[in-house]
Amino acid sequence: MMMTGNRIVGPDARAKLLGASRFEDSRLVRFTFKPFDVRWCYLDNIRPLFSEPSPQLIAEQGCGARFFVTRDAADKLDEGIPFVWASAVCDYHALDGEARHFPVSLKRPSGGLLGENPIRVPNTSRLAQGYLGSVGAADHSYLCEHALAIGYSTAYLSENRDGIRTDWPRIPLPSTSSAFDASAALGARVAELLDPSQPFSGGIRLGALSAAAGGSLDPATDLAVTARWGVAGRGGICMPSTGKLNEREYTADELSAIAGHATALGMTRGESVALLGETCFDVHLNDLAYWRCVPSAVWRYTIGGYQVIKKWLSYREHALLGRDLKVDEARYVTEMVRRIAALVLMGPELDTNYERVKADTWEWGK
């Protein structure tokens, strides 16, 4: 609040806030800044703390909140996937085309004397409720999970590219409860991978933090991001830069790790490599440390117009962040690599699901 920018005059805003509000620690919450980039912020419906506060949206925070987030039109030709899933309110620019939140469910009073312990009810329109009832869907809260399963299908994004780019994405609805339940279950798996608050311990053992000269790294001195992943643009705004990475072939050990994971998924090594990319990247923090073997499809993975891992790194450049990475932050990049790899390897399942739904859709509005 000492800075001026984005229609806010810092000193004036600070004086107003000190006079008009009182600090509440319950307002310190997780905040989805960009895909896979979840931070902490002080979130309140006070202008100019946030230039455009959203009272109804912020009221849905907590109590098991989940949000299906998309945009009304793409701002970039290379947008990638126009959907994100979050258990925390997203920044307005979490997607390049401006994030629009759809709460999966809404808070309602529990009916108790004091209205404590609110319950959540599915956030569905009457038309949507009519659809869910007509196909006998067991759980009305799974409509967003179905949309997520379709939205992360490469086949869906490719076949509908022009329409998706220029308007709200249209999601086909399956005509049977079995198809709906199967699609929603698939979407729930996608949601878990997209949500960093959900535990994750699986995936292919790639993307490990490594020392360029071999041996071990000193977390006290070796974790500064100085490979020029981000630079300060006009007004101090962070802009992605070139960084330092090395593209190469997989080693025999890395191919073995891919093969072992492929077998568990019922795939061949060749099928997995075709999805992940025929090459990989060693992605450097600096001259001393790098993340070893980030598959090329994972490195290039783009959500909402942002190349996910590269965008995360750009904000952590030492000159912009003002400090080195912490150990858990460096390890989180490895987790991102493995979560995104798992999403990439779901591709055939997601495409098969889309084709099944497309072949037998519910007539919308009937």
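Parameters and conventions
Residues numbered from 1 in each chain as written. Predicted model: local features only at pLDDT ≥ 70, side-chain atom pairs only at ≥ 80, totals over all residues. Heavy atoms only, no water. Pairing = 2+ DSSP bridges. Helix = DSSP H or I, 4+ residues; strand = E, 2+ residues; numbered from the N terminus. Axes fitted to C-alpha atoms, helices over the stretch in contact; angles between N-to-C directions. Expected span 1.5 Å × (residues − 1). Buried < 20%, exposed > 50% of the residue type's maximum accessible area, 1.4 Å probe, protein only. Arc of directions from axis to C-beta. Contact = heavy atoms within 4.5 Å. 1 Å grid on protein atoms, 1.4 Å probe; cavity = no way out; pocket = protein on both sides within 12 Å on 5 of 7 lines; lining within 4 Å. Points joined across faces, edges and corners; volume = space filled by probe spheres on them. Nonpolar A, V, L, I, M, F, W, Y, C, P; charged D, E, K, R; others polar. Polar contact = N/O pair within 3.5 Å; in protein donor to acceptor, adjacent residues only side chain to side chain. Disulfide = S-S within 2.5 Å.

Notes on the sheet that holds strand β13 (residues 289-295)
So, step 1. Pairing within the open sheet is antiparallel, and its four strands lie in the order β8-β13-β12-β11. The sheet terminates laterally at β8 (208-211) and β11 (245-248), the two strands that pair on one side only. Pairwise comparison of adjacent strand axes, ignoring direction, gives a mean angle of 30° for this sheet.
So, step 2. As paired strands, β8 and β13 are joined by four bridges and run antiparallel to one another. Residue S210 lies in a different strand from β13, and its bridge partner there is Y290.

Examining helix α7 (residues 177-194)
So, step 1. For α7, spanning 18 residues, the distance from its first C-alpha to its last is 25 Å, which sits close to the expected 26 Å at 1.5 Å a residue.
So, step 2. Buried within α7 we find A179, F180, S183, A184, L186, G187, V190, A191, L193 and L194. The buried residues of α7 occupy an angular sector of 170° when the element is viewed end-on, so they sit on one face.
So, step 3. Tucked into the core, α7 has its buried residues touching β4 (84-86), α3 (126-134), α4 (143-151), β14 (302-303), α13 (327-345) and α14 (347-359).

Notes on empty space enclosed by the protein
So, step 1. Tallied over the entire structure, the rule returns one cavity of 30 Å³ or more.
So, step 2. By volume, the largest cavity is sized at about 70 Å³.
So, step 3. T32, V38, A86, D195 and P196 are, among the 13 residues lining the largest cavity, the residues nearest its centre.
So, step 4. Those elements that place two or more of their residues in the lining of the largest cavity are β1 (28-34) and β4.
So, step 5. The element contributing the most residues to the lining of the largest cavity is β4, with three residues.
So, step 6. When grouped by side-chain class, the residues that make up the lining of the largest cavity number eight nonpolar, three polar and two charged.

Quick word on the pairing of strand β3 (residues 67-70)
Successive residues of a regular strand alternate their side chains across the two faces of the sheet.
So, step 1. Alternating positions in β3 separate into two faces, F67 and V69 on one and F68 and T70 on the other, with burial throughout.
So, step 2. As paired elements, β3 and β4 share three bridges and run antiparallel to each other. The residue of β4 that forms the bridge with V69 is V84.

So, the sheet that holds strand β5 (residues 100-103)
So, step 1. The antiparallel open sheet is built from three strands, whose spatial order is β4-β3-β5. With one partner strand each, in any of the chains shown, β4 and β5 form the two edges of the open sheet. Each neighbouring strand pair of the sheet contributes to a mean axis angle of 30°, computed without reference to strand direction.

What about the side chain of N286?
So, step 1. The residue N286 is located in the loop between β12 (280-284) and β13 in this model.
So, step 2. A distance of 2.7 Å separates a polar atom in the side chain of N286 from the backbone nitrogen of L288.
So, step 3. A polar contact of 2.8 Å, which involves the side chain of N286, links it to the backbone nitrogen of A289.
So, step 4. Setting aside residues no more than four positions away along its own chain, N286 makes contact with D222, L223, A224, T226 and A227.

Concerning the state of the cysteines
So, step 1. Following the criterion strictly, the structure yields zero disulfides and no others.
So, step 2. The structure places no disulfide on C280, whose sulfur is separated from the nearest cysteine sulfur, that of C293, by 3.7 Å.
So, step 3. The class of C280 is buried, set by a relative accessible area of 0%.

Here's the deal with the environment of Y354
So, step 1. Considering the arrangement of structural elements, one finds Y354 in helix α14.
So, step 2. We classify Y354 as buried; its relative accessible area is 4%.
So, step 3. When residues no more than four places from it in sequence are discounted, the contact partners of Y354 are I150, S153, A155, Y156, E159, N160 and P172.
So, step 4. Side chain to side chain, Y354 and E159 meet in a polar contact 2.9 Å long.

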